[in-house]
Amino acid sequence: MKRRFRISAAVLVAASSMAVAHAANDYRLGAQAVADGVYVFSGRNEHFTRDNGGNIVNTGFIVGTDAVIVIDTGPSLQYGEQQRKAIAAITRVPVRQVYVTHQHPDHYLGDAAYADASIAALPATISAIQTQGNALADNLYRLVGGWMAGTQSQSPTSTATPGVVEIGGRKLRLIGTAGHTAGDLMVYDEASRTLFAGDLVFHDRAPTTPNADLLQWLNALDQIRQIDFKVLVPGHGAVVRDASAIEQTRDYLQWLSTSLHTAAEQGRDMVEVMNQPLPERFQKLAVHDEEYRRSVSHLYPAIELTTLPRR
């Protein structure tokens, strides 16, 4: 009898552990309606952690008459699968098109959940995923652990061509630019005037710059400012209905560029630059210290080279 009790207890402990693990891997995705037929899944303004499972990104979808269009599929296969279930809870219209805004892993590693749909991205994004995708996925495995179970990098299946397309009765304008990465795709829904800006726009979070060209990025923000949007979905941070997130991103990037170039001209070393305090207006941005230091490591060496005398 005692032996049977011990076995039963072990089974209960194992079952309890599995239940906890399953609950821990629930992204708890809830779609927020931001316009007629347009929805957003909002991520946290945090770094990748084992607590958030990489859910730090905004993804979304647009419901047409006979097709759903998904914009970005999240950081893992499990996210993509749960995103798809959340979409199905809102509409029976099938997902037929997925757009990947850029190469960073939190935006596309859920693609495998949409094997029956067309998955499109700009050529530069496709090339980067093909060459760097496995390494990016491996890095997320290290950062968020079991949330990544079953996740593999998958290249988009088709090329997104900038211009107007009509899918499921929704007229979309695909806008190709660069700056945050070598290929940044924006999706604009003309009926609702909703702009999915990807990571060209951050809101109340310090921008990330591992693949950035700051001058191109600032030029892209000028282009965004000219778009007649009613709703703007940034890659990270709360949805806005004005230009505040654009201007906040511009302000930070302009300061970052000027600050790093000035430091290089003054001959300051990288450690010294990393340890300088940020202006007070940027200290309210989520993860500002960490992202600023990362930006210095990404950007400063090349900026220093521009100040060296030419023989």
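Residues numbered from 1 in each chain as written. Predicted model: local features only at pLDDT ≥ 70, side-chain atom pairs only at ≥ 80, totals over all residues. Heavy atoms only, no water.

Undergrad: Looking at this structure, I do not really get the sheet that holds strand E10 (residues 184-189). What am I missing?
TA: Paired through backbone hydrogen bonds, the strands of a sheet run either parallel or antiparallel to each other. The strand order across the open sheet built from 5 strands is E8-E9-E10-E11-E12, with neighbouring strands paired in mixed fashion. Looking at which strands have only one partner, the edges of the open sheet turn out to be strand E8 (163-167) and strand E12 (231-236). Here the average twist between neighbouring strands, direction ignored, is 30°. Sitting on the sheet, helix H4 (residues 214-225) is in contact with strand E9 (170-177), E10, strand E11 (194-202) and E12, with an inclination near 160° to E11. Across the sheet, helix H5 (residues 244-265) is in contact with E11 and E12; its angle to E11 comes to roughly 20°. (Pairing = 2+ DSSP bridges. Helix = DSSP H or I, 4+ residues; strand = E, 2+ residues; numbered from the N terminus. Axes fitted to C-alpha atoms, helices over the stretch in contact; angles between N-to-C directions. Contact = heavy atoms within 4.5 Å.)

Undergrad: Explanation requested: the nonpolar core in the structure shown.
TA: Across soluble globular proteins, nonpolar side chains show a tendency to be buried alongside one another. In terms of nonpolar packing, the biggest core is built from 39 residues, with Leu195, Ile224, Leu232, Tyr252, Leu260 and Tyr292 touching the most fellow members. Elements supplying a minimum of two residues to this core: E10, E11, H4, H5 and helix H7 (288-305). A total of 9 residues in this core trace back to one element, the largest contributor, which is H5. Excluding residues that lie within four positions of it along the chain, Tyr292 makes contacts with Tyr252, Trp255, Leu256, Leu260, Val273, Met274, Gln276 and Leu278. Core analysis: the second largest hydrophobic core is formed by 30 residues, Leu77, Val100, Ile119 and Met148 among them. (Core = buried A, V, L, I, M, F, W, Y, C linked by side-chain atoms within 4.5 Å. Buried < 20%, exposed > 50% of the residue type's maximum accessible area, 1.4 Å probe, protein only.)

Undergrad: Sorry, what's going on with the sheet that holds strand E4 (residues 68-71) here?
TA: The strand order across the open sheet built from 7 strands is E1-E2-E3-E4-E5-E6-E7, with neighbouring strands paired in mixed fashion. Single-partner strands in this sheet number two, and they are strand E1 (32-35) and strand E7 (158-159). For E4 and strand E5 (residues 95-99), the ladder comprises 4 bridges, and the chain directions are parallel. Each bridged residue has a counterpart across the sheet, and for Val68 the counterpart in E5 is Val95. Each of strand E2 (38-41), strand E3 (59-63), E4 and E5 touches helix H2 (residues 77-88); the most contacted strand, E2, lies at about 145° to it.

Undergrad: Got a minute to help me understand H5 in this structure?
TA: Under the 1.5 Å per step criterion, the end-to-end length of H5 is 32 Å for 22 residues, consistent within 8% with the ideal 32 Å. Backbone geometry just after H5 places Gly267 at a positive phi near 75°. (Expected span 1.5 Å × (residues − 1).)

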